[in-house]
Amino acid sequence: MTAIMQGQRRIIAGVDAASAQLDLSCGMTVTHAQSLIPDLQVIEAAPEEDEAALIRLALWCIKYSPLVTPNPPDGIFIDVAGSAHLFQGEAALVADLCKRLKAEGITAKAALADTAGCAWALARYGEAQIVSPGRGSDAVASLPVAALRLTPPTVSSLSDVGIERIAQLASKPRGSLRTRFGAEVLLRLDQALGNANEPLPSLLPPEVPRAELRFAEPVGDPDDLKRVIEKLANKLCHDLEARGIGARRLDLVFVRVDNIAQAARIGLSRPYREPKHLAKLLAERLVVIDPGFGIETASLTASWVEAVVERQTIGRHIGADGSQHDVSQLVDTLGVRLGESNVFRVSPVESLLPERAMRRIPALHPTEGLAWPSNLPRPARLFLQPEKVEAVAELPDHPPRMFIWRKARHRVAKADGPERIHGEWWISDGETKLVRDYYRVETADGTRYWLFRDGPTEQGGSWWLHGVGDA
Amino acid sequence: MALASPQRPIAELRRYLERVEGHGREQGEVLPFGVAAIDTLLPHGGLARGHLHEAIEGGAASQYAGLATLYVAGILARMRGPVLWCLRGRDLFAPALARVGLHPDRVIFCETWKDRDVLPTMEEGLKCGGLAGVVGEVSCLSLNASRRLQLCAGESGVTALIIRRWHNLAEKNATGEPNAAATRWRIAPHPSPATGFDGLPRQHWQLDLLRVRGGEPHSWIVEACDATGHLALPAALADRSAAASEQRRAATG
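Just so it is clear, the structure is predicted and the values come from calculations on it, not from any experiment. Per-chain numbering applies: the sequence of each chain, read as written, is numbered from 1 onward. The lettering of chains begins at A and the numbering of ligands begins at 1, in the order of writing. Totals for whole chains, interfaces and linings use every residue, but because this is a predicted model, local features are given only for residues with pLDDT of at least 70 and side-chain atom pairs only at 80 or more, for both listing and counting.

Visitor: For this particular structure, what's the right way to read the overall build of chain A?
Guide: Only DSSP runs of H or I with at least four residues qualify as helices, and only runs of E with at least two residues qualify as strands; both kinds are numbered from the N terminus onward. Within chain A one finds 13 helices and 17 strands. All radius of gyration figures rest on C-alpha atoms, and the globule criterion is 2.2 Å times the number of residues raised to 0.38. Expected size for 471 residues packed as a compact globule is a radius of gyration near 23 Å; at 31 Å, chain A overshoots this value by more than 25%. Along the first, second and third principal axes, the C-alpha set of chain A runs to 95 × 60 × 50 Å. Counting over 471 residues, chain A shows a buried share of 35%. The long-range share in chain A, meaning contacts at least 24 apart out of those at least 6 apart in sequence, stands at 52%. Three exposure classes are used, all based on how many other C-beta atoms lie within 10 Å of a residue's own C-beta (placed from the backbone): buried at 20 or more, exposed at 12 or fewer, and partly exposed between those limits. Note on contacts: residues are paired as contacts if their backbone-placed C-beta atoms lie within 7 Å.

This is the structure:
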């Protein structure tokens, strides 16, 4: 635990998990604590260092969004509205953030909500980690009023008149609240419930390439915004070129007339400094920007840069025959539009189980030259879940004579098999017993199916259809 | 004053129109199938590059368009350069593409779930001149959408290939509606000939050319794509088909 002087008293400023278990809490006098636990280890608090560390942590959080605001003494606001897509959604972003903080030994609580106030309340007093849009007021209703970032005297005077919970406070007439407790209570309440805007001055990372434009008149027209983006991209790329670097990640931040910042972030598959390409990608993300009554300031930051290797080799080897085509711009454009994980190549996996035969790799991953074994007959369409069929075979180890799939009867004219596939016992115990006998069958009309039996017939093995479209 | 010779401006206009339609490209840049019986019936002797082509599947498992997939993959296997494949679902089994000669390193996949995502993605790909082809799996292809794709394909010279998927009867019936594709193919399974031994011979397809700009519809029985993406005429049928086309040529000529 750490201690700090407050007036003439020496009080506890911060406790770690072990001290908290011993019922120590902030605000206790050190002498009281020492009387409870004789061998207490006390460290002098260093608020300035704490704040510097918080800012360092906030700078690290820029990885998650361009709009990061440190909230001393112990909080950080991250506006993820324009960047959650790069992490496959908000839930995945929060999980990733918590995991990384934990790995660094930082005890942190995270909450995600429509407003900064609501998230602040939930992270400190609430249970829910992620509040779906529009549910903020329900989520905070039962929390104590202290969750509204009110000063301790205000909280205690509210509790004097019996107002303990946020829902109680929200149901009181606003006029009398204002006269009795001041405007701050109403402002904090409105900020938490989303009825009042809360401008958060975002942290500017030092020494990163940045271009900024300020407008005398607010700009709001989508076409004008596109031109603004082009200008910013030109400015930024000039700077990048001078430094010999390219952007791997770009943050576009618009500050509206009401001082609310709106951000869009794009990730790039390789370092770029071509203004046209960057402007096009950014324009794709304009949909997430709500210009409101107009934009006053626009800035473009390259928050992750890398040296540009003038002749890029990656992305040029995709033609298997050595042809030289650069598809990285296409991959970026589609990645921004569809989500990076939805643009990919596949690579063979050495697994006999068909559902594990391939894995996704990034679209511009260096080519491996691996191909699937061409002697294994495989269907063009593999069902995600094999479909159960009723089949009749003449002899236990023979292919079926006929099968019923989706209420239609198919008479088998020719068949090939079995191809026996064993489960991969080294992956999980349950697979030790997995045995599949695959048959390729052709029905009377020439259609080919890929069926398997999941065990010998005498042991109750049943038949499944796994794919269609045999070569 | 009347023009002295109206022939010259008309000839010039014709050439101009050809240039506009072919987007300044040399006419007849085609990909032959390598099967004389098919190539001779296609304008310029093959599948026109830089155009939109459509593959529809017939038969019992047509919902999954497995054969149409292999047919399209076979065409791409015979081209050079990277391929953009716009998926609509997750059932494509890539190892089968390799079996008809389309190496996985060449294919960039885009996973989408709706037609309205597939078509703009295809358009973006078609604008990227370095690609060999762009494949899209769609259930509906309106006249306007197909015109857009055809236009983009013509400008860049990238070949656009549509695989029609359907999930209900209305979508299946919609596959017959007209669009701007240069060719429309139907691939249906056909019983393979009896063999003396156990096992399956190369699959046979009934390949129907339903529509072709500047040509006549036709049907063939072919052997499915081999490991290099080439179709072949079945040995037993090769003579008969050749004889039939001889006859037809005699009848028209």
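Visitor: Just to check I follow, could you spell out the overall build of chain B for this structure?
Guide: In terms of regular secondary structure, chain B is built from eight helices and ten strands. Split into buried and exposed, the 253 residues of chain B put 46% on the buried side. Counted over contacts in chain B with a minimum sequence separation of 6, partners at least 24 positions apart contribute 67%.

Visitor: Would you take a moment to explain the interface of chain B and chain A for this structure?
Guide: Size of an interface: often given as the accessible area lost when the parts come together. Each partner contributes residues to the interface: chain B has 48 residues there, and chain A has 50 residues. Looking at the side of chain B that touches chain A, the elements with two or more residues in it are helix H3 (66-77), helix H4 (94-99), strand E5 (107-112), helix H5 (115-126) and strand E8 (183-190) of chain B. Per element, the largest residue contribution to the side of chain B that touches chain A is six residues, and it comes from E5(B). Nonpolar residues are Ala, Val, Leu, Ile, Met, Phe, Trp, Tyr, Cys and Pro. Charged residues are Asp, Glu, Lys and Arg, and all others, Gly as well, are polar. Grouping the amino acids of the side of chain B that touches chain A by side-chain chemistry returns 25 nonpolar, 14 polar and nine charged. Strands were regarded as paired on the criterion that DSSP finds at least two bridges between them. Relative to E5(B), strand E10 (residues 343-348) of chain A runs antiparallel, the two sharing two bridges. Looking at the pairing, Phe344(A) lines up with Phe109(B) of E5(B).

Visitor: Even after reading the chapter, I still don't get unusual backbone geometry, so can you show me in this structure?
Guide: Most of the time, phi is negative for any residue but glycine, and the peptide bond is trans. All names here are of chain A. In the segment running from Pro72 into Pro73, the intervening peptide bond is cis, with an omega of 10 degrees. Among the structural elements, Pro73 can be located in the loop between strand E4 (67-71) and strand E5 (75-79). Residue Pro418 follows Gly417 across a cis peptide bond; omega there is 0 degrees. One non-glycine residue with positive phi stands out, namely Arg149, at about 60 degrees. Along the polypeptide, Arg149 turns up in the loop between helix H6 (136-140) and helix H7 (152-160). Note on Arg149: 17 C-beta atoms within 10 Å, which makes it partly exposed. Positive phi outside glycine occurs at Lys407, with the angle close to 65 degrees. By the secondary structure assignment, Lys407 is in the loop between strand E13 (400-405) and strand E14 (408-422). Since 6 C-beta atoms lie within 10 Å of it, Lys407 is described here as exposed.

Visitor: Would you explain the sheet that holds strand E7 (residues 159-164) of chain B in this entry?
Guide: What links the strands of a sheet is backbone hydrogen bonding, and the strands pair in either a parallel or an antiparallel sense. In space, the ten strands of this open sheet follow the order E11(A)-E10(A)-E5(B)-E4(B)-E6(B)-E7(B)-E3(B)-E8(B)-E9(B)-E10(B), with mixed pairing throughout. The open sheet is flanked by strand E11 (358-362) of chain A together with strand E10 (218-223) of chain B, the only strands paired with a single partner. Pairs of neighbouring strands in the sheet enclose a mean axial angle of 25 degrees, with direction left out of account. Of the strand pairs in this sheet, strand E3 (residues 52-57) of chain B and E8(B) are connected by five bridges, and their pairing is parallel. What sits directly across from His53(B), in E8(B), is Thr183(B). Only the stretch in contact is used when a helix axis is fitted, and all axes are lines through C-alpha atoms; the angle between N-to-C directions ranges over 0 to 180 degrees. Packed on one face of the sheet, helix H6 (residues 143-156) of chain B meets E3 and E7 of chain B and runs near 130 degrees to E3(B).

Visitor: Sorry, what's going on with the confidence of the model for chain A here?
Guide: Should the pLDDT be low somewhere, the predicted coordinates at that spot are not to be read in detail. For every residue, the predictor reports its confidence as pLDDT, a number between 0 and 100. Mean pLDDT for chain A: 85, with 96% of residues reaching 70 or above. Every residue in residues 311-324 of chain A is under pLDDT 50, and counting partners more than four places away or in other chains gives 31 contacts.

Visitor: Whenever I open this one, helix H9 (residues 174-181) of chain A confuses me. Can you help?
Guide: Three- or four-residue spacings in an α-helix give side chains the same orientation, since the helix completes a turn every 3.6 residues. When you tally the buried positions in H9(A), you get zero out of eight residues, a small fraction of the element. Gly182(A) lies just past H9(A) and shows a positive phi near 90 degrees.

Visitor: Quick question: what am I supposed to make of the sheet that holds strand E6 (residues 210-219) of chain A here?
Guide: Residue and element names in this part refer to chain A. If you trace the four strands from one edge of the open sheet to the other, you get E6-E9-E7-E8, paired in antiparallel fashion. On the outer flanks of this sheet lie E6 and strand E8 (261-272), each paired with one strand and no other. Looking at each pair of strands side by side, their axes are set apart by 15 degrees on average, direction ignored. Two elements, strand E7 (residues 245-256) and E8, share eight bridges in a ladder whose sense is antiparallel. Each bridged residue has a counterpart across the sheet, and for Ala247 the counterpart in E8 is Tyr272. Helix-sheet contacts for helix H11 (residues 222-243) involve E6, E7 and strand E9 (295-307), and the interaxial angle to E6 is about 155 degrees.

Visitor: Looking at this model, I keep getting lost on the domain arrangement of chain A. Mind explaining?
Guide: For the domain bounds, the source is a domain assignment made automatically or taken from a database. Segmenting chain A into domains produces domain 1 (2-45), domain 2 (65-193), domain 3 (210-307), domain 4 (313-367) and domain 5 (379-470). On a C-alpha basis, the centres of domain 3 of chain A and domain 5 of chain A stand 55 Å from each other.

Visitor: Teacher, can you tell me more about the packing of helix H12 (residues 275-284) of chain A against helix H13 (residues 328-338) of chain A here?
Guide: Residues and elements named next belong to chain A. Running from N to C, H12 and H13 point in directions that differ by 15 degrees, and their axes come no closer than 9 Å. Judged by the inter-axis angle, H12 sits roughly parallel to H13. With respect to the hand of their crossing, H12 and H13 are arranged in right-handed fashion. Each of His277, Lys280, Leu281 and Glu284 in H12 lies in contact with H13, whose residues at this interface are Gln329, Asp332, Thr333, Val336 and Arg337. Should an angle fall under 35 degrees it is called roughly parallel, over 145 degrees roughly antiparallel, and 65 to 115 degrees roughly perpendicular, with every other angle called oblique. Here a crossing is taken to be left-handed if its near helix is turned anticlockwise relative to the far helix by less than a right angle, and right-handed if that turn runs clockwise.

Visitor: Is there a simple way to think about the confidence of the model for chain B in this case?
Guide: Residues and elements named next belong to chain B. Per-residue confidence for chain B gives a mean pLDDT of 85, with 84% of residues at or over 70. Every residue in residues 238-253 is under pLDDT 50, and counting partners more than four places away or in other chains gives six contacts. Across the assembled chains, the prediction reports ipTM 0.85 with pTM 0.71.

Visitor: How should the environment of Asp445(A) be read in this particular structure?
Guide: Structurally, Asp445(A) is set in the loop between strand E15 (435-443) and strand E16 (448-453). By C-beta crowding, Asp445(A) is classed as partly exposed, having 14 other C-beta atoms within 10 Å. Not counting the four nearest positions on each side in its chain, Asp445(A) is found in contact with Gly59(B), Ala60(B), Pro189(B) and Pro191(B).

Visitor: Would you mind going over the pairing of strand E2 (residues 9-14) of chain A with me for this structure?
Guide: Each regular strand shows side chains that alternate between the opposite faces of the sheet. Residues and elements named next belong to chain A. Across five bridges, strand E1 (residues 2-6) lies against E2 in antiparallel orientation. When the bridges of E2 are listed, Met5 appears paired with Arg10. Connecting the antiparallel pair E1 and E2 is a turn made up of two residues, with Gly7 showing a positive phi of about 60 degrees.

Visitor: Would you take a moment to explain the packing of H9(A) against helix H10 (residues 183-193) of chain A for this structure?
Guide: Between two packed helices, what matters for the description is the angle formed by their axes and the separation of those axes. Residue and element names in this part refer to chain A. Packing of H9 against H10 leaves a shortest axis separation of 6 Å and a crossing angle of 130 degrees. One way to sum up the angle between H9 and H10 is to call them oblique. Residues Arg174, Leu177, Arg178 and Phe181 of H9 pack against Ala183, Val185 and Leu186 of H10. Classifying every residue of the contact of H9 with H10 gives five nonpolar, no polar and two charged.

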